[in-house]
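A closer look at the structure
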Amino acid sequence: MTDRLHYSQRAAAARAGFSERTARRLESEPCLPSQRKPGRGRTVPDPLEAVWDTVLVPILERDPAVQAVTLLRHLQMTVPDAFPDDRVRRTLERRVRDWRALHGPERDVIFRQAPEPGRMALSDFTDATELGVTIAGQPLAHRLFHFVLAYSGWEHAAVVLGGESFTALAENLQNALWTLGGVPHEHRTDSLSAAYRNLDADAAADVTARYEAFCAHYGMIASRNNAGEAHENGAVEAHNNHLKTALDQGLILRGCRDFADLAEWRRFVDELVARRNRRREEALRIEMATLRPLPARRTTDFTEVVARVTRTGGFLVHTVFYSAPSQLVGKRLRVHVYDDRIEAFLGATRVVTHPRHRARRDGTRVHCVNYRHVIHALRRKPQALAGSVYRDGLFPRSEYAAAWTALSDALPRKDACRRMVDLLWLAHDEGCEAELAALIANSLAHGDLPEARTLKPCLRPRQRMLPEDTPVVLTDLTSFDALLEGHA
């Protein structure tokens, strides 16, 4: 009541935690609350008095998770005359609620933490399919890898095409650290077993060991939250929603959710994250002073697989077929598997690079073929094109696939294969894949069947830059005399 001496009735009531109406009632009564007559008791008999202590409380003590409606149905079965309908349901729900508040089990308490500069960074994967992004008109199912510093909120995000694999974690975490320019003392993720639930015990242990070795290379403590306790990763879980909301709003301002290619969508994400980080520069300066320096070099952020190139012109990685130059048939390659690409090495020489593909759940074999790897052999055996299991993967652009459809519909198989192989050879030999695709589309638009010998004259001549005249300075022969005298 002392607030009333200095504030208005409304302000004093708000400071005391009750309504203005209650304040008016208290001020209008001449006596203190302790001097008033006690209020009258219950005017209606308690409908649960006969069963609450004897029937219901023992059930609640045995298992407090039981619902009030379950107790009501139990009463209707055991004493149907006393509870013929649901009129006491609300009373029972309030009684059960109050009992749990006074006598229920102890509940867990979340302890809010004060982040220390440079102490902890957190990483998480979040599903971004809900953003509705499309690449060249095709829906993009993907995730975002999200790295956040707990103190300053500085973040790094990357588009991940596959699942929550060690490769995706290591590659993008390493990129985040080198973009940041420092290393925090501790790195926290969710339970790694959730990311590798499809692995057996030995494989999961191997992945965990590799992750711990990765953190040891950077001098970070590897920690994880307890399974099912997402609030322990709250510093990044909350940022996940904020980031996706910002991306969604940015896409609204852009006016279109379709991107020409994956690189354009990744550039959009990077630019938005960079704008968000500008607001954290002051806190980041404080945190940068406490971060550890980066090591002298990066560490392994891929999974290595050894594969042999077979007579079919390629090799298998995780049940996906990738083509290779025919000279490598019979060779064993070391394949570095990243989240978005594979790189194959013969010894220390990189010989093959492909975008990474994923196996289909229905068991259908997936092929990733570069027509340049097999065009020489295919030119000698053009009839093999028609029945090739990876025929559709040979066509580098949609125009070439349309040309094959038109040729196979209008010509005998032998002629159609020969013409199609000639088109692919022309694209390879002249290095004019895009230009030839435009000419093929133009021919089909005019109802003509494309043919290499008629389209070749339409190509722009290849610009071959000849080296300019280089002056050659001849050595004066007398200089050798001086050299010989000095040697003597």
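See the structure printed just above.
In this text, all values refer to a predicted model and were calculated from it rather than measured experimentally.

With that settled, the discussion passes to the overall build of the chain. If you tally the helices and strands in the chain, you get 19 helices and 15 strands. Taking 23 Å as the expected radius of gyration for a compact globule of 488 residues, we find that the chain reaches 37 Å, considerably beyond that expectation. Principal axes of the C-alpha set define a box for the chain whose edges measure 125 × 75 × 50 Å. Expressed as a percentage of its 488 residues, the buried residues of the chain come to 37%. Across the chain, contacts joining residues at least 24 apart in sequence account for 62% of those joining residues at least 6 apart. Within the structure as shown, the chain displays about 30,100 Å² of accessible surface, and the carbon and sulfur contribution to it stands at 52%. With 68 positive and 63 negative side-chain charges, the chain shows a spacing of 4 Å between the two charge centroids.

In this structure, Leu 385, Leu 394, Tyr 400, Trp 404, Met 420, Leu 423 and Leu 436 are the most contacted members of the largest nonpolar core, which totals 32 residues. Sorting the residues of this core by element identifies helix H12 (371–380), helix H13 (384–387), helix H15 (398–410), helix H16 (413–430), helix H17 (433–445) and helix H18 (452–455) as the ones contributing at least two each. The greatest single-element share of this core, amounting to 9 residues, is contributed by H16. When sequence neighbours within four positions are dropped, the list of residues in contact with Trp 404 reads Leu 385, Ala 386, Arg 391, Phe 395, Ala 416, Cys 417 and Met 420. Within the second largest apolar cluster, 23 residues are counted, among which are Trp 154, Leu 180, Phe 214 and Cys 215.

This part covers the packing of aromatic side chains. To describe a pair of aromatic rings, you give the distance between the ring centres and the angle between the ring planes. Applying the stated rule across the entire model yields 9 aromatic pairs. Judged by centre distance (5.5 Å) and plane angle (55°), the ring pair of Phe 302 and Tyr 338 falls under tilted. With Phe 302 in the loop between helix H11 (281–288) and strand S9 (303–308) and Tyr 338 in the loop between strand S12 (332–337) and strand S13 (341–346), this pair connects stretches of sequence that are 36 residues apart. Each of the two residues, Phe 302 as well as Tyr 338, counts as buried. An aromatic cluster is built from Phe 259, Trp 265 and Phe 268, whose rings are joined through pairwise contacts. Above the ring of Trp 52, the side-chain terminus of Arg 95 is found at 5.4 Å from the ring centroid. In this structure, Arg 341 is placed above the aromatic ring of Tyr 338, and the distance from its NZ or CZ to the ring centre is 3.7 Å.

Interhelical geometry of helix H3 (residues 52–62) versus helix H5 (residues 89–103) gives an angle of 55° and a closest axis separation of 12 Å. Between H3 and H5, the angle is such that the two are oblique. Crossing of H3 over H5 shows right-handed handedness. The segment H3 lies against H5, with Trp 52, Leu 56, Val 57, Leu 60 and Glu 61 engaging Leu 92, Arg 95, Val 96 and Trp 99. Across the contact of H3 with H5, the residue classes break down as 7 nonpolar, no polar and 2 charged.

Parameters at a glance
Residues numbered from 1 in each chain as written. Predicted model: local features only at pLDDT ≥ 70, side-chain atom pairs only at ≥ 80, totals over all residues. Heavy atoms only, no water. Helix = DSSP H or I, 4+ residues; strand = E, 2+ residues; numbered from the N terminus. Rg over C-alpha atoms; globule rule 2.2 N^0.38 Å. Buried < 20%, exposed > 50% of the residue type's maximum accessible area, 1.4 Å probe, protein only. Contact = heavy atoms within 4.5 Å. Areas by Shrake-Rupley, 256 points an atom, 1.4 Å probe, with all protein chains shown as cover. Lys, Arg positive; Asp, Glu negative; His and termini not counted. Charge placed at Lys NZ, Arg CZ, Asp CG, Glu CD. Core = buried A, V, L, I, M, F, W, Y, C linked by side-chain atoms within 4.5 Å. Phe/Tyr/Trp six-rings, centres within 6.5 Å; stacked < 30°, edge-to-face > 60°. Lys NZ or Arg CZ within 6 Å of the ring centre and 35° of its normal. Axes fitted to C-alpha atoms, helices over the stretch in contact; angles between N-to-C directions. Parallel < 35°, antiparallel > 145°, perpendicular 65-115°, else oblique. Left-handed = near helix turned anticlockwise from the far one by under 90°. Nonpolar A, V, L, I, M, F, W, Y, C, P; charged D, E, K, R; others polar.

Honestly, it's all geometry; don't read function into it.
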